[in-house]
Number of protein chains: 2
Amino acid sequence: MDAINIKQLAKALNLSTSTVSRAFRNNSDINKETKERILTKARELNYQPNHYASNLREKKSHTIAVIVPELANNFFLQAINGLERVASEKGYHILIYLTYDKYEKEIAFINDLHNGRADGIIMSVSGESAKEHSYLHRLKNKNIPLVFFDRIYEDIDAPRVTSNDYESSFAATEHLIESGCERIAFLVIHKSLSIGKMRMQGYQDALLKHHLPYQDELVIDCSNNLEENYKILSQAFKTLRPDGALAAVERLAIASYYVCHDLGISIPQDLKIISFSSLEIAPLLNPSLSTITQPAYEMGAQAAALLFRSIETGSMEGPTEHIILKSKLIKRQSTANESPVINLFQR
Amino acid sequence: MDAINIKQLAKALNLSTSTVSRAFRNNSDINKETKERILTKARELNYQPNHYASNLREKKSHTIAVIVPELANNFFLQAINGLERVASEKGYHILIYLTYDKYEKEIAFINDLHNGRADGIIMSVSGESAKEHSYLHRLKNKNIPLVFFDRIYEDIDAPRVTSNDYESSFAATEHLIESGCERIAFLVIHKSLSIGKMRMQGYQDALLKHHLPYQDELVIDCSNNLEENYKILSQAFKTLRPDGALAAVERLAIASYYVCHDLGISIPQDLKIISFSSLEIAPLLNPSLSTITQPAYEMGAQAAALLFRSIETGSMEGPTEHIILKSKLIKRQSTANESPVINLFQR
DNA sequence: TTGTACGCGTTATCAT
DNA sequence: ATGATAACGCGTACAA
């Protein structure tokens, strides 16, 4: 009743296991007819080569691991879609790991991946500021390629796919300024994380360019928890009275919407909001949300392509590639000056 | 430079491989000190037991496969989050497969999973009406447990976790009727799929109860493509002039919003909309969207629990469990009678 | 408590 | 073109 193996199949056909094995590998010499005979019988007996035995022999798992902070974020979703396409085209399988921004989880996952479970790793790093990355260096020693996407560690030399966060952040801030904002808050989750830093820098430089003062208190450090963010943002909006806000992460824009509604702050009259976000229905929000939208799907696909290049060449030599894709700034109602009517649903 | 194996580690310690092996397995008798010594050295040499060799020995992969139609749907997202929690608690790894509603993909994935890659499978079936499910029967022969969630095949006897679709659909339709609708459209993607059928039946029965005629033309069969749906729905709204719509799937509600905007149909005055949806920001839409919200996270968690029960008992005997969780009907602006002001952001 | 020896299911090498 | 055999790395009877 249990799984049939190659020996039993061979016996049933009066052939040797080697011949049977060859029938499943494409390159080897084998008589067409016997191959047919074997495959037919295999189907009949519901035989398939044991994956683990093959991997043990070949030292290849045909599996890649994807480590992301979370799924409840349209950016990661779309990115995974993108890399899934590439991986499945190559016949690779995908293991998914969620860190929930916990550094310890990330270490645990990576350590679990030293043992051959995956041929390569694609990762968007955990949010917690981490000093110690030796667990990543060890990967290299084992010849397991690693590719970063979106969120990276600057001190690790690995191929990476990111978007032009600095420029986007700069442009978004400038857009707020040009829409008349003078007290612009920057809503961020992990200041220390590289991605937060880039976005922050763009924000600061745009202020500078337009001779607006940078005020530390207007940088609002949030958490991953909706309740907490609600409190933090309520407090901040009440006391600081910003007239513009740039959210470094989608969920902070969402939280802001709830807060504004409850506090009677109207968007965009009292407060203009723009956010890094891959939310597809941003046009349908009330008011429609201006966004900086990263090419998430494409980033995922490119990251996968990069990884497969490493896997296929087998070597991790050569210059480390760094692909930067451009985000789009889409202006909608949440940063508009006049009242709606037109362009409400700009897509 | 390559991965170190148990032999080398044993040699480095002047021990036998069996002793080393025991250090990594918890139950076996082994001297505490030697165990410590082994683990220390292992860490030092960056040794970890080879996953594939272990699996080959133990015939266990500590991996489960999750097959879903897509990720771009909040329901599946949250469900995956739920089952990830359970799986990672058990130390299991998760393989993800996306069918994009293609029957052939589903078959290919399932066939790929016969070979030991996963200890069990959790699946929400592909949308295409499939007649032939022998590929699933073959799984049973190999003792690979299967659990359905949300979307099931009725002719396959496997544990399942669903929500009370019929009742929800009935209640939603009734809600529309009570809000004054008389020409209620039912927007669906795959009429033939079991889940579509249940939701359709609830719709029909509610009409019946309230003495409204069931009209075939008001059942609008859509696709998975936004462009196509836009056309289909535009046409339907223009010619059929429904005053209410129940969307069996989130994306059809979204498409409807776009269509209504472009056609100048105002929600809820001209058309009231309610949708099966796990969209967390439904309250933020313009207007906020009334939803039937399934307990997605919980469904995922329960499905995983069910699967692990099968995996752990090893037997697939006993009655097939069928867990039904209740969805919530949340009334918001899109089905309201009066003008907004109050409750706009009901969460 | 530790070591020896075999087998898990496959594929690569070598021989026929 | 096909068959015999060893080896991949590990875990477990069994022996010591």
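In this text the structure is predicted, and so the values were computed from the model without any measurement.

The rules behind these values
Residues numbered from 1 in each chain as written. Chains lettered and ligands numbered in written order. Predicted model: local features only at pLDDT ≥ 70, side-chain atom pairs only at ≥ 80, totals over all residues. Heavy atoms only, no water. Contact = heavy atoms within 4.5 Å. Buried area = accessible area lost by both parts, 1.4 Å probe. Salt bridge = Lys/Arg side-chain N within 4 Å of Asp/Glu carboxyl O. Polar contact = N/O pair within 3.5 Å; in protein donor to acceptor, adjacent residues only side chain to side chain. Helix = DSSP H or I, 4+ residues; strand = E, 2+ residues; numbered from the N terminus. Nonpolar A, V, L, I, M, F, W, Y, C, P; charged D, E, K, R; others polar. Pairing = 2+ DSSP bridges. Near = heavy atom within 4 Å. Domains from an automatic or database assignment. Least-squares fit on C-alpha atoms with pLDDT ≥ 70 in both.

Some remarks on the interface of chain B and chain A
Each side of the interface is counted separately: chain B has 57 residues, and chain A has 57 residues. Interface area for chain B against chain A, summed over the two sides, is near 5,500 Å², with a carbon-plus-sulfur share of 55%. For the chain B face of the interface with chain A, the top three residues by lost area are Tyr-52, His-93 and Tyr-258 of chain B, together amounting to 14%. For the pair chain B and chain A, the number of links is zero salt bridges. The interface formed by chain B and chain A includes 24 residue pairs in polar contact (both at pLDDT 80 or more). Broken down by secondary-structure element, the contributors of at least two residues to the side of chain B that touches chain A are helix 4 (51–58), helix 5 (74–89), strand 2 (93–98), helix 6 (103–112), helix 7 (134–141) and helix 11 (250–263) of chain B. Considering every element that reaches the side of chain B that touches chain A, the biggest residue donor is strand 2 of chain B, with six residues. For the side of chain B that touches chain A, the residue count by class is 28 nonpolar, 19 polar and 10 charged. Pairing of strand 2 (residues 93–98) of chain A with strand 2 of chain B, which is carried by three bridges, proceeds in the antiparallel orientation. In the strand pairing of strand 2 of chain B, Leu-95 of chain A is matched with Leu-95 of chain B.

Digging into the protein's contact with DNA strand C
Around DNA strand C sit 26 residues, and of these Ile-6 and Arg-57 of chain A together with Ser-18, Thr-19 and Arg-57 of chain B come closest. The sugar-phosphate portion of DNA strand C accounts for 60% of its atoms within 4 Å of the protein, the bases making up the rest. One of the side-chain N or O atoms of Thr-34 of chain B is found 3.0 Å from a phosphate oxygen in DNA strand C. The side chain of Arg-57 of chain B places a nitrogen or oxygen atom 2.8 Å from a base nitrogen of DNA strand C. Elements with a contribution of two residues or more to the surface near DNA strand C: helix 2 (17–24) and helix 4 (51–58) of chain A together with helix 2 (17–24) and helix 4 of chain B. Among the elements that line the surface near DNA strand C, the one with the most residues is helix 4 of chain A, at four residues. Of the residues assigned to the surface near DNA strand C, the class counts are seven nonpolar, 12 polar and seven charged.

Things to note about the protein's contact with DNA strand D
In the vicinity of DNA strand D, 26 residues are found, and the nearest of them are Thr-19 and Arg-22 of chain A together with Ile-6, Tyr-47 and Arg-57 of chain B. Considering the 4 Å shell around the protein, atoms of DNA strand D inside it are sugar or phosphate in 63% of instances. A distance of 3.0 Å is found between a base nitrogen of DNA strand D and a side-chain nitrogen or oxygen belonging to Arg-57 of chain A. In the environment of DNA strand D, a phosphate oxygen lies 2.9 Å from a nitrogen or oxygen atom belonging to the side chain of Ser-21 of chain B. Every element with two or more residues in the surface near DNA strand D is listed here: helix 2 and helix 4 of chain A together with helix 2 and helix 4 of chain B. When residues in the surface near DNA strand D are grouped by element, the largest group, four residues, is from helix 4 of chain B. Grouping the constituent residues of the surface near DNA strand D by class yields seven nonpolar, 12 polar and seven charged.

Comments concerning the domain arrangement of chain A
Parsing chain A into structural domains produces domain 1 (6–47), domain 2 (60–163 + 296–326) and domain 3 (165–295 + 329–335). With centres defined by C-alpha atoms, the gap from domain 1 of chain A to domain 2 of chain A works out at 37 Å.

Focus on the relation of the copies chain B and chain A
Placing chain B over chain A gives an RMSD of 0.1 Å and needs a rotation angle of 180°, together with 0.0 Å of translation along the axis. The transformation just described matches what one would write down for a two-fold rotation axis. When the interface residues of chain B are mapped onto chain A, 100% of them are again interface residues, pointing to one common binding face.

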